[in-house]
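Given next are the chains, with one letter for each unit.
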Amino acid sequence: RQLAPGAMAFVMATGIISIGLHLEGITLGSVVLLWAAAIGYVVLMTATVARLLLDRSEMRADLSDPGRAFGYFTFVAGTNVLATRFAVDGHLTAPLVGLGIAGLAWFVLGYLVPWFVVVDARGTDLTRRVDGSWFVWVVASQSVAVLAATLEPHVGVGAGNVLAILAVLGWGTGLGLYLVMGTALVIRVLRHGIPADELSPTFWVVMGALAISVLAASRLVTLGAHPIGDAIRPLAAGLAIALWAFAVWLVIPLAALGWWRHVRRRVPLRYSSAQWAGVFPLGMFAVASLGRGAADAVPVIRSVGWGFLWVAVAAWLAVA
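Everything quoted here is computed from the prediction, not taken from an experiment.

**Brief notes about the overall build of the chain**
Okay, step 1: A tally of helices and strands in the chain yields 11 helices and zero strands.
Okay, step 2: The secondary structure elements of the chain, listed N-terminal to C-terminal, are α-α-α-α-α-α-α-α-α-α-α.
Okay, step 3: Over its C-alpha trace the chain gives a radius of gyration of 19 Å, about what one expects of a compact globule, namely 20 Å for 320 residues.
Okay, step 4: Oriented by its inertia axes, the alpha-carbon framework of the chain measures out at about 50 × 40 × 40 Å.
Okay, step 5: Approximately 14,400 Å² of the chain is accessible, and the part contributed by carbon and sulfur atoms is 71%.
Okay, step 6: Looking at charge distribution, the chain has the averaged site of its 20 positive side-chain charges lying 6 Å from that of its 14 negative ones.

Here is the structure:
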């Protein structure tokens, strides 16, 4: 009954670090985390289905809660991250099935979640409730773009066109949502502030959403000779570096806020599923930096990615 809507953040965090270790040739660690993510996915899916059957009223209440509703997008992102990990191993069927399931969930939740949140919050100031979990919607959108662009070279021309369109749709939607969510978060900070006890690890997703946008842009650049791919490629290549630079800038204030929360304000550091939402951005930033550094032949960016990969591994072990 009390399963958090954002519980799939465990799969997101574990899967993305598995991808990072794979990129660095650390096969054993990557495979171990791949199996951990896959088992976690099955367990959490089973629990979610059970909750849907037995505690539907609890799930409906979560959909109306601005602090919990956007956690449902971790299902979309978790499915796509796990499917992408299988795709980099050369599998095709399972990732395509995963993309179909996640794409449908992304479309449905993209209208369902904001509808319930806005309708049930009539007469209240929603800007007081904006937090990092809202940016999981951005991550989910960009995860659709990453997986679709990853699979595009391995299918026929007709299916490739569909995947290219889906990749651009996910990327563009994610960028638009980031602007909306970012504006809402700035309004909250300026008008209401954020108490220390509300500065949960999910605020790291603000940076993670940028990092996965960088990765999605990098994958869009590699799309085949599709009209929509040719149109988006120059924009994606330029924005990838700009988004990466902004993600770098965000790391320091986010780390400082964590220090202020736990050291200065002495908020106890206790386990919750939200901790995984704080691990995922570290791994995502590492993978995006490794990919961007390799694509642009910039050793410094790749070195930043290598360093953050081990920070992410340490964070994963600590939360585990």
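**Quick look at the pattern of salt bridges**
Okay, step 1: One pass over the structure, following the stated rule, counts nine salt bridges.
Okay, step 2: Put simply, E24 and R302 hold a salt bridge, and the shortest N to O gap is 2.8 Å. Of this pair, E24 sits in the loop between α1 (9-23) and α2 (27-54) while R302 sits in helix α11 (residues 299-319); the two residues are 278 residues apart in sequence, bridging distant segments of the chain.
Okay, step 3: By relative accessible area, E24 is classed as partly exposed at 23%.
Okay, step 4: Note on R302: relative accessible area 33%, which makes it partly exposed.
Okay, step 5: D62 serves as the salt-bridge partner of R68, at 2.7 Å between the closest nitrogen and oxygen.
Okay, step 6: Of the residues examined, R68 reaches a relative accessible area of 30% and is grouped as partly exposed.
Okay, step 7: Accessibility expressed as a relative area gives 6% for D62, which makes it buried.
Okay, step 8: One salt-bridge network, held together by shared partners, links R51, D62 and R68.

**Focus: the nonpolar core**
Okay, step 1: Grouped together as the largest cluster of nonpolar side chains are 108 residues, with contacts concentrated most on I17, V76, F135, M207 and F280.
Okay, step 2: Those residues in contact with F280, other than ones at most four positions away along the chain, are M12, A13, I16, V81, V139 and I212.

**What about α2?**
Okay, step 1: Under the 1.5 Å per step criterion, the end-to-end length of α2 is 40 Å for 28 residues, consistent within 8% with the ideal 40 Å.
Okay, step 2: Of the positions making up α2, those classed as buried are S30, L33, L34, A37, A38, G40, Y41, L44 and R51.
Okay, step 3: The inward-facing, buried residues of α2 abut α1, α3 (56-63), α4 (73-88) and α11.

**Description of the side chain of D62**
Okay, step 1: Secondary-structure assignment places D62 in helix α3.
Okay, step 2: Of the polar contacts made by the side chain of D62, one reaches the side chain of R51; its length is 2.7 Å.
Okay, step 3: If sequence neighbours within four positions are ignored, D62 has contacts with L3, P5, R51, R68, A69 and Y72.

**Thoughts on the packing of α4 against helix α5 (residues 93-120)**
Okay, step 1: One can describe the packing of α4 onto α5 by two numbers: an axis separation of 9 Å at closest approach and a directional angle of 160°. Put simply, α4 runs roughly antiparallel to α5. For the crossing formed where α4 meets α5, the hand is left-handed. In this structure, α4 uses F73, F75, V76, T79, N80, A83, F86 and A87 to contact α5, whose residues at the interface are P95, G98, L99, I101, A102, A105, W106, L109, G110 and V113.
Okay, step 2: Considering only residue class, the contact of α4 with α5 consists of 14 nonpolar, four polar and no charged.

Reading guide: rules and limits
- Residues numbered from 1 in each chain as written.
- Predicted model: local features only at pLDDT ≥ 70, side-chain atom pairs only at ≥ 80, totals over all residues.
- Heavy atoms only, no water.
- Helix = DSSP H or I, 4+ residues; strand = E, 2+ residues; numbered from the N terminus.
- Rg over C-alpha atoms; globule rule 2.2 N^0.38 Å.
- Areas by Shrake-Rupley, 256 points an atom, 1.4 Å probe, with all protein chains shown as cover.
- Lys, Arg positive; Asp, Glu negative; His and termini not counted.
- Charge placed at Lys NZ, Arg CZ, Asp CG, Glu CD.
- Salt bridge = Lys/Arg side-chain N within 4 Å of Asp/Glu carboxyl O.
- Buried < 20%, exposed > 50% of the residue type's maximum accessible area, 1.4 Å probe, protein only.
- Core = buried A, V, L, I, M, F, W, Y, C linked by side-chain atoms within 4.5 Å.
- Contact = heavy atoms within 4.5 Å.
- Expected span 1.5 Å × (residues − 1).
- Polar contact = N/O pair within 3.5 Å; in protein donor to acceptor, adjacent residues only side chain to side chain.
- Axes fitted to C-alpha atoms, helices over the stretch in contact; angles between N-to-C directions.
- Parallel < 35°, antiparallel > 145°, perpendicular 65-115°, else oblique.
- Left-handed = near helix turned anticlockwise from the far one by under 90°.
- Nonpolar A, V, L, I, M, F, W, Y, C, P; charged D, E, K, R; others polar.

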